[in-house]
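Residues per chain are reported as follows:
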Amino acid sequence: MLKFRTVHGGLRLLGIRRTSTAPAASPNVRRLEYKPIKKVMVANRGEIAIRVFRACTELGIRTVAIYSEQDTGQMHRQKADEAYLIGRGLAPVQAYLHIPDIIKVAKENNVDAVHPGYGFLSERADFAQACQDAGVRFIGPSPEVVRKMGDKVEARAIAIAAGVPVVPGTDAPITSLHEAHEFSNTYGFPIIFKAAYGGGGRGMRVVHSYEELEENYTRAYSEALAAFGNGALFVEKFIEKPRHIEVQILGDQYGNILHLYERDCSIQRRHQKVVEIAPAAHLDPQLRTRLTSDSVKLAKQVGYENAGTVEFLVDRHGKHYFIEVNSRLQVEHTVTEEITDVDLVHAQIHVAEGRSLPDLGLRQENIRINGCAIQCRVTTEDPARSFQPDTGRIEVFRSGEGMGIRLDNASAFQGAIISPHYDSLLVKVIAHGKDHPTAATKMSRALAEFRVRGVKARHQAQPGRPHGQEAGRPEAALAAPTGPGSPSLVCVLPLACVPSSRLGGPSQTRPETSIEVSPTILL
């Protein structure tokens, strides 16, 4: 309780100082005026919109929601001070991508700043520019930085210029299958095709031989074109069984940049993260230093402002390679907040107001790791249909709670309608403990308390190996039976995070090979 008061007392102090001006910048840094933000619109929906609304309310900022015709009854609309319909007559997803409507709502309702959340328009440079042109602050990096980081080829070139190691790959998007042949002749198989102008696993295809090259090139191009409107691809050497480690960075408008340590996002399905851990278990301290140092170097190279994530692959020999920068808040930002006691959304808003990181008490030497946090994503998916999203009304919902558990959700309540139009995420469960085994035990206990009825459920994990550039570390399934007639919740965690007693007894040794179970949370 004392810790709670201390942290939030600090936040209230920042609120009291909102009318002050930022400290004078040093002579070699541009001077910027501190302009308080009084009203924020979130150009998003669901749990991330509510997450930002809560942060704004804590800072005394009025909130504005937008919603599509299909989202009339969604919780994020109810949580905001004001809510406005957008995209009338448009498809469900297109409504949240319609920049003119969003800007119109912002201008008509005296919105000071727009927070993009994640997904949708969060990494669109044209949206950041549209906000700027309308005189509305974009809570994120500058449009130019968003553009550079969104172009994977340019981001790669920036990393090279900053002295950050990259995976061997093409310097520019390839324009023909012949170029892919030439690359594979030089570097050998396996290789991977990646969309040049998007992420999230779309447009990614791994190729293990010449026989697979043409088919995968065609498929990757088609996927990238459909998802991002541009089928451009680049090719990289495929790193087999790596760890996927990302570093949270935070920058201000005065050139200050710091890191908030790393997250391990190696447990994935179809290139989609499903379990995230901070800090990464058993990470060599020297490797951690190299990862965080390179992240800050890259951010300084591009003049990064606000929150972002630098992503790396780490091979079996401990060598790390830059993948990309996500110029937005991540779904898994929660675990970083839990171990550092830094509210990233508060920091984003204050930086957009013109505050410096030191003014906020954020200095690198003050950022410390406090325990371990694990995030699991509970989704409404049906394993019997290849994990296709399931829809319907939730008839029963009881969540796992208690000490060390944080729940971020929007549609997780009795009577909620699970829409077929959007992401299947139901609730993010975050467990925080003094170390990895403690956090894993809390997570297992919390998942065992869940009761969800009314949507498709599956009682056990489905066999199947994770796809793509994913970790080769051992995994274990923690099944939590929920009683007769109620679905089981199954969580797959790295064995490094699982107490030996959960693996069959204190004397049981950890297996040396992976258990082939699908790494996801099942309902």
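Residues numbered from 1 in each chain as written. Predicted model: local features only at pLDDT ≥ 70, side-chain atom pairs only at ≥ 80, totals over all residues. Heavy atoms only, no water.

Under an unreviewed UniProt entry, the name given to the chain is Pyruvate carboxylase, and the organism recorded is Papio anubis. What UniProt states about the chain under its Subcellular location (unreviewed entry) heading is, verbatim, "Mitochondrion matrix". (UniProt positions renumbered as here; feature names shortened; annotations may be inferred.)

Caption draft 1: Examining the overall build of the chain more closely. Within the chain, the regular secondary structure consists of 14 helices and 24 strands. With 523 residues in all, the chain has 57% of them scored as buried. Counting contacts in the chain only where the partners sit at least 6 residues apart, residues at least 24 apart contribute 68% of the total. Accessible area of the chain: about 21600 Å², with a carbon and sulfur share of 50%. (Helix = DSSP H or I, 4+ residues; strand = E, 2+ residues; numbered from the N terminus. Buried < 20%, exposed > 50% of the residue type's maximum accessible area, 1.4 Å probe, protein only. Contact = heavy atoms within 4.5 Å. Areas by Shrake-Rupley, 256 points an atom, 1.4 Å probe, with all protein chains shown as cover.)

Caption draft 2: Structural context of the sheet that holds strand β21 (residues 425-433). The strand order across the open sheet built from eight strands is β13-β12-β9-β10-β11-β14-β21-β19, with neighbouring strands paired in antiparallel fashion. Looking at strand neighbours, the two that pair on one side only are β13 (320-326) and β19 (405-409), the edges of this open sheet. Within the sheet, the average angular offset between the axes of one strand and its neighbour, ignoring direction, is 25°. Examined bridge by bridge, strand β12 (residues 306-314) and β13 share six bridges and lie antiparallel to one another. When the sheet's bridge partners are listed, Leu313 is paired in β13 with Tyr321. Lying on the sheet, helix α2 (residues 46-58) is in contact with β19 and β21; it crosses β19 at an angle near 115°. This element, helix α11 (residues 285-302), spans β9 (243-251), β10 (257-269), β12 and β13 of the sheet and lies at about 115° to β10. (Pairing = 2+ DSSP bridges. Axes fitted to C-alpha atoms, helices over the stretch in contact; angles between N-to-C directions.)

Caption draft 3: Structural detail: the pattern of salt bridges. Across all of its chains, the model carries 30 salt bridges by this definition. One salt bridge connects Arg243 with Asp264, and the closest N-O pair in it is separated by 2.7 Å. In this pair, Arg243 sits in strand β9 while Asp264 sits in strand β10, placing the two residues 21 residues apart along the sequence. The two residues Arg243 and Asp264 agree in class, both being buried. Between Arg288 and Glu262 there is a salt bridge, with its nearest N and O atoms 2.7 Å apart. Placement of Arg288 in helix α11 and of Glu262 in strand β10 is noted, with a sequence separation of 26 residues between them. (Salt bridge = Lys/Arg side-chain N within 4 Å of Asp/Glu carboxyl O.)

Caption draft 4: Here's a closer look at the sheet that holds strand β2 (residues 62-67). Taken together, five strands build an open sheet; the order of strands is β3-β2-β1-β4-β5 and the sheet is parallel. Of all strands in the sheet, those bounded by a partner on one side alone are β3 (82-85) and β5 (137-138). Of the pairings in the sheet, the one linking β2 to β3 comprises four bridges and is parallel in character. In the strand pairing of β3, Ala65 is matched with Ala83. α2 rests against β1 (39-42), β2 and β4 (113-115) of the sheet, and its axis sits at about 165° to β2. Its contacts with the sheet put helix α5 (residues 99-108) on β1, β2 and β3, and the angle it makes with β1 is roughly 165°.

Caption draft 5: Spatial organisation of the pairing of β13. Judged by how many residues are buried, β13 sits mostly within the fold: seven of seven residues are covered. Connecting β12 to the antiparallel partner β13 that follows it, the hairpin turn spans five residues, and Gly318 within it adopts a positive phi of roughly 85°.

Caption draft 6: Representation of the packing of α2 against helix α13 (residues 344-353) within the structure. Running from N to C, α2 and α13 point in directions that differ by 65°, and their axes come no closer than 9 Å. If you check the angle between α2 and α13, you find them roughly perpendicular. Taken as a pair, α2 and α13 cross one another with a handedness that is right-handed. Touching Arg51, Val52, Ala55, Cys56 and Glu58 of α2 are Leu344, Val345, His346 and Ile349, all from α13. Residues belonging to the contact of α2 with α13 are distributed by class as follows: six nonpolar, one polar and two charged. (Parallel < 35°, antiparallel > 145°, perpendicular 65-115°, else oblique. Left-handed = near helix turned anticlockwise from the far one by under 90°. Nonpolar A, V, L, I, M, F, W, Y, C, P; charged D, E, K, R; others polar.)

Caption draft 7: Geometry of helix α9 (residues 177-187). Here α9 has its buried residues at Ala180, Phe183 and Ser184. The buried side chains of α9 occupy one side of the element, clustering within an arc of 95° when seen end-on. Exposed side chains of α9 directed beyond 90 degrees from the buried face belong to His178, Asn185 and Thr186. Lining the buried residues of α9 we find β6 (191-195), α10 (210-228) and β8 (233-237). With its phi angle positive at about 80°, Gly188 sits one or two positions after the end of α9. (Arc of directions from axis to C-beta.)

Caption draft 8: A look at the packing of helix α6 (residues 125-133) against helix α7 (residues 143-150). In contact at an axis separation of 8 Å, α6 and α7 are set at 175° when each is read in the N-to-C sense. As judged from the angle between their axes, α6 and α7 are roughly antiparallel. Within the contact between the two elements, α6 uses Ala125, Ala128, Gln129 and Gln132 and α7 uses Pro143, Val146 and Arg147. Tallied by class, residues from the contact of α6 with α7 come to four nonpolar, two polar and one charged.

Caption draft 9: Examining the environment of Asp284 more closely. Here Asp284 shows up in the loop between β11 (272-278) and α11. A relative accessible area of 40% means that Asp284 is categorised as partly exposed. Sequence-wise, Asp284 and Gly318 are 34 residues apart; in three dimensions their C-alpha atoms are separated by 8.4 Å. Here Gln286 takes part through its backbone nitrogen, which lies 3.0 Å from a polar atom of the side chain of Asp284. (Polar contact = N/O pair within 3.5 Å; in protein donor to acceptor, adjacent residues only side chain to side chain.)

Caption draft 10: Layout of the confidence of the model for the chain. Per-residue confidence for the chain averages 83 on the pLDDT scale, and 80% of its residues sit at or above 70. Low confidence marks residues 1-30, where pLDDT is under 50. Its contacts with residues over four positions away, or in another chain, come to 36 contacts. Contacts of residues 457-523 to residues separated by more than four positions or lying in other chains number 182 contacts, the stretch itself having pLDDT below 50. (pLDDT = per-residue confidence, 0-100.)

Caption draft 11: Region of interest: the nonpolar core. The biggest cluster of nonpolar side chains holds 34 residues, and the ones touching the most others in it are Ile37, Val40, Ile61, Leu250, Leu260, Ile349 and Leu362. Counting only elements with at least two residues in this core, the list comes to β1, α2, β10 and α13. Residues in contact with Leu362, not counting those within four places in the same chain, are Leu250, Leu258, Val342, Ala347, Leu357 and Ile367. (Core = buried A, V, L, I, M, F, W, Y, C linked by side-chain atoms within 4.5 Å.)

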